[in-house]
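Tertiary structure, described
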Amino acid sequence: MIERSGGRATAAADIHTVRGDWGPITYPQVVGHEIVGRVAQVGSAVTKHQVGDRVGVGCESGSCGECEQCKKGQEVYCLKGNLQTYNGVDADGTITQGGYSQTTVVNEDFVLKVPESLDPARVAPLLCAGVTLYSPLKHWKAGPGTKVAVIGMGGLGHVGVKIAHAMGAEVTVLSRTLSKQDDGLAFGADRYYATADPATFEKLAGTFDLILNTVSAGLDHSQYVNLLAVDGTLVILGAPTAPISVDAMSLVAFRRSIAGSANGGIPDTQEMLDFCAEHSILPETELISASQINDAYERVLASDVRYRFVIDAKTFA
Ligand code: ZN
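Every value quoted in this text rests on a predicted model; they were computed, and no experiment measured them.

**Points about the overall build of the protein chain**
Helix and strand counts for the protein chain come out as 10 helices and 16 strands. Here the protein chain has a C-alpha radius of gyration of 19 Å; the compact-globule value for 317 residues is 20 Å, and the two agree. Counting only C-alpha atoms, the protein chain reaches 60 × 40 × 40 Å along its principal axes. Counting the 317 residues in the protein chain, one finds 52% classified as buried. By sequence separation, contacts in the protein chain at least 24 residues apart represent 65% of the contacts at least 6 residues apart. As displayed, the protein chain has an accessible area near 14,200 Å², and 51% of this comes from carbon and sulfur atoms. Treating the 25 positive side-chain charges of the protein chain as one cloud and the 35 negative ones as another, the clouds have centres 2 Å apart.

Here you go:
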């Protein structure tokens with residue numbers, strides 16, 4: 001099927017892939033895995049989507065469909081390896097190409113229904129950032145009575161604050177400084193602390209049921225493990241390149257866990273979109289045209305964006 005026109009968000013992953021930071025890639029490579037548009041054509045066997053439907057595509061656009069994880073709707077954890085929407089190797093050996101384009105062709109099983117109530121100029125980042133936060137919040141049962149902390153107030157973190165708040169959890173932001181405190185509280189955080197202040201780690205020791213780490217840069221994970229309550233879990237969502245190190249006794253003594261989580265399966269992604277529509281949750285975005293992409297990349301790397309860029313796909317012409 002083919003879809004076209006709408007928004008495509010730009011994420012740090014796009015930049016690192018384009019520049020080969022995560023290993024050699026085969027050029028030409030078109031990135032973009034937060035894609036929103038309308039269905040323009042469907043194949044004869046397509047049953048889930050119709051021409052004109054507002055739809056989206058996220059990080060994965062294929063998987064084996066037969067393994068235990070795929071059968072559970074956890075395609076992202078396909079035991080044979082999922083197919084990335086871009087820079088993946090498709091069954092016929094071709095390299096997949098992403099959403100910085102006028103049209104894209106995707107298997108209907110990996111196409112999400114995007115509720116019409118969600119602004120097309122802002123919704124795209126939910127396809128990766130949104131589900132990357134929604135999925136662990138659901139898995140570790142965030143909700144009324146639970147205390148959740150979000151490390152980092154960037155493209156991922158700010159969406160996590162909104163979703164965790166809508167789920168009914170008590171939400172704390174742990175950011176390096178207080179520079180985005182007003183935003184964080186407006187997005188639904190109950191508390192906001194600067195991690196540059198050592199007093200934060202004393203005051204919050206033993207507090208949280210769940211901590212979501214959205215920061216890929218090196219952190220002292222031991223410091224954050226000590227903020228977990230008994231049975232609490234620290235979930236790593238970014239991708240630090242260096243191994244992490246913690247004091248094992250700080251886990252053992254309080255039955256704490258450290259976990260990782262990727263974005264989310266297709267059913268969870270659809271559930272997240274419907275949840276965001278129900279609670280009027282959208283990422284904070286800045287709409288740009290294709291000609292501004294290079295400048296936008298520099299601004300992302302300089303953390304000079306609140307909080308995600310969306311590229312108007314009409315400008316790819
Ligand atoms: Zn599979």
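**With respect to the pattern of salt bridges**
What the rule picks out here adds up to 15 salt bridges. Taking the shortest distance from any N to any O, the salt bridge between Glu-284 and Arg-122 comes out at 3.3 Å. Taken together, the residues Glu-284 in the loop between α9 (266-278) and β15 (285-288) and Arg-122 in the loop between β8 (112-113) and α3 (129-139) connect sequence positions 162 residues apart. One salt bridge connects Glu-284 with Lys-162, and the closest N-O pair in it is separated by 2.5 Å. With Glu-284 in the loop between α9 and β15 and Lys-162 in helix α4 (residues 157-166), this pair connects stretches of sequence that are 122 residues apart. Judged by its relative accessible area of 23%, Glu-284 falls in the partly exposed class.

**As for the coordination of the zinc ion**
In the first shell of the zinc ion, the protein supplies Cys-64 (SG), Cys-67 (SG), Cys-70 (SG) and Cys-78 (SG), at 2.3 to 2.4 Å from the metal. For the zinc ion, the 4 donor atoms in the first shell make angles of 104 to 118° at the metal, a pattern classed as tetrahedral. Motif for the zinc ion, donor spacing along one chain: C-x2-C-x2-C-x7-C. Grouping residues by exposure puts Cys-70 and Cys-78 together as buried.

**Structural notes on empty space enclosed by the protein**
One way to see where empty space is left: roll a probe the size of a water molecule over the atoms. Per the counting criterion, the structure on display carries 1 cavity of 30 Å³ or more. Considered as a void within the structure, the largest cavity measures approximately 70 Å³ in volume. Taken together, 13 residues form the lining of the largest cavity, with Cys-59, Glu-60, Gly-264, Ile-266 and Thr-269 sitting closest to its centre. When its residues are assigned to classes, the lining of the largest cavity shows 6 nonpolar, 5 polar and 2 charged.

**Quick look at the domain arrangement of the protein chain**
Taken domain by domain, the protein chain comprises domain 1 (7-125 + 264-270 + 282-315) and domain 2 (129-260). A C-alpha centroid distance of 26 Å is found between domain 1 and domain 2. Contacts between domain 1 and domain 2 engage 12 residues on the former and 17 residues on the latter. In total, domain 1 and domain 2 occlude about 1,200 Å² of area from one another, counting both sides; carbon and sulfur atoms represent 49% of this. For domain 1, the biggest contributors to the area lost against domain 2 are Asp-268, Arg-306 and Tyr-307; these three give 48% of the whole. The interface formed by domain 1 and domain 2 includes 9 residue pairs in polar contact (both at pLDDT 80 or more). Partitioning the side of domain 1 that touches domain 2 into residue classes produces 4 nonpolar, 2 polar and 6 charged.

**Some remarks on the side chain of Asp-14**
Considering the arrangement of structural elements, one finds Asp-14 in helix α1 (residues 12-18). No salt bridge forms around the buried Asp-14; measuring N to O, its nearest opposite-charge neighbour Arg-308 is 7.9 Å away. At a separation of 2.8 Å, a polar atom in the side chain of Asp-14 contacts the side chain of Tyr-86.

**Some thoughts on the packing of aromatic side chains**
Enumeration over the complete set of coordinates arrives at 4 aromatic pairs. Ring geometry for Phe-187 and Tyr-307: centres 5.6 Å apart, planes at 75°, overall edge-to-face. Taken together, the residues Phe-187 in helix α5 (residues 181-187) and Tyr-307 in the loop between α10 (293-301) and β16 (308-312) connect sequence positions 120 residues apart. Judged by relative accessible area, which is 3%, Tyr-307 ranks as buried.

**Brief notes about the side chain of Thr-146**
Looking at the element boundaries, Thr-146 is found in the loop between α3 and β9 (147-151). If we skip the residues at most four places from it in the chain, Thr-146 touches Lys-141, Ala-169, Glu-170 and Asp-209.

**Here we look at α4**
Counting buried residues in α4 gives 8 out of 10 residues, a clear majority hidden from the surface. What α4 keeps buried is the set Gly-157, His-158, Val-159, Gly-160, Val-161, Lys-162, Ile-163 and Ala-164. For α4, the secondary structure elements touched by its buried residues are α3, β9, β10 (170-175), α5 and α9. Phi for Gly-168, located one or two positions after α4, is positive at around 100°.

**What to know about the nonpolar core**
In a soluble, globular protein the nonpolar side chains are often hidden away together inside. Counting 50 residues, the largest nonpolar core has Val-123, Leu-126, Leu-137, Val-148, Val-161, Ile-163 and Leu-273 as the members making the most contacts within it. Going through the elements one at a time, β3 (35-41), β4 (54-57), α3, β9, α4, β10, β12 (208-213) and α9 are the ones with two or more residues in this core. When residues of this core are assigned to their parent elements, the largest contribution, 6 residues, is made by α9. Lining this core are residues from two domains, each supplying at least three of them: domain 1 (7-125 + 264-270 + 282-315) and domain 2 (129-260).

What counts as what
Every residue gets a number counted from 1 within its own chain, in the order that chain's sequence is written. The predicted origin of the model limits local features to residues at a pLDDT of at least 70 and limits the giving and counting of side-chain atom pairs to 80 or more, whereas totals for whole chains, interfaces and linings rest on all residues. Processing note: side-chain calculations cover all non-hydrogen atoms of the structure and skip hydrogens and water entirely. Segments assigned H or I by DSSP are reported as helices when at least four residues long, segments assigned E as strands when at least two residues long, and all are numbered from the N terminus. Atoms counted for the radius of gyration: C-alpha only. Globule rule: 2.2 Å times the number of residues to the power 0.38. The buried label goes to any residue with under 20% of its type's maximum accessible area, the exposed label to any with over 50%, and the partly exposed label to all in between, with areas taken from a 1.4 Å probe on protein chains only. Only heavy atoms enter the contact rule, under which two residues are in contact if any of them lie within 4.5 Å. Accessible surface is estimated by sampling points in the Shrake-Rupley manner with a 1.4 Å probe; for residues, cover comes only from the protein chains shown. When charges are counted, neither His nor the chain ends are considered; positive counts come from Lys and Arg and negative counts from Asp and Glu. In plain terms, the charge of a residue is placed at NZ if it is Lys, CZ if Arg, CG if Asp and CD if Glu. Basic side-chain nitrogens of Lys or Arg form a salt bridge, by our definition, when they fall within 4 Å of a carboxyl oxygen of Asp or Glu. Listed donors are limited to N, O and S atoms within 2.8 Å of the metal, widened to 3.2 Å for Na, K and Ca; water is not among them, so incomplete-looking sites are possible. Think of it this way: with four donors and all angles in the 85 to 135 degree range, the site is tetrahedral; with four or six donors, opposite ones beyond 155 degrees and the rest between 65 and 115, it is square planar or octahedral; otherwise it is irregular. The distinction between a cavity and a pocket rests on a 1 Å grid over the protein atoms alone: a 1.4 Å probe fits inside a cavity but cannot get out, while a pocket stays open yet meets protein on both sides within 12 Å along at least five of seven lines, and a residue with an atom within 4 Å of a point counts as lining. Grid points are joined across faces, edges and corners, and a volume is the space filled by probe spheres set on the points. Under the convention adopted here, Pro, Cys and the residues Ala, Val, Leu, Ile, Met, Phe, Trp and Tyr are nonpolar, Asp, Glu, Lys and Arg are charged, and Gly plus all remaining residues are polar. Domain segmentation is taken from an automatic or database assignment of domains. Reported buried area values correspond to the accessible surface (1.4 Å probe) lost by two parts on association, with both partners' losses combined. Definition of a polar contact: a pair of N or O atoms within 3.5 Å, with one able to donate and the other able to accept a hydrogen when the atoms are protein atoms, and with sequence-neighbouring residues admitted only if both atoms are side-chain atoms. Centre distance within 6.5 Å is the pairing criterion for rings of Phe, Tyr and Trp, where only the six-membered ring of Trp is used; planes under 30 degrees apart are then read as stacked, over 60 as edge-to-face, and the remainder as tilted. Buried Ala, Val, Leu, Ile, Met, Phe, Trp, Tyr and Cys residues that are joined via side-chain atoms within 4.5 Å together make up what is termed a nonpolar core.

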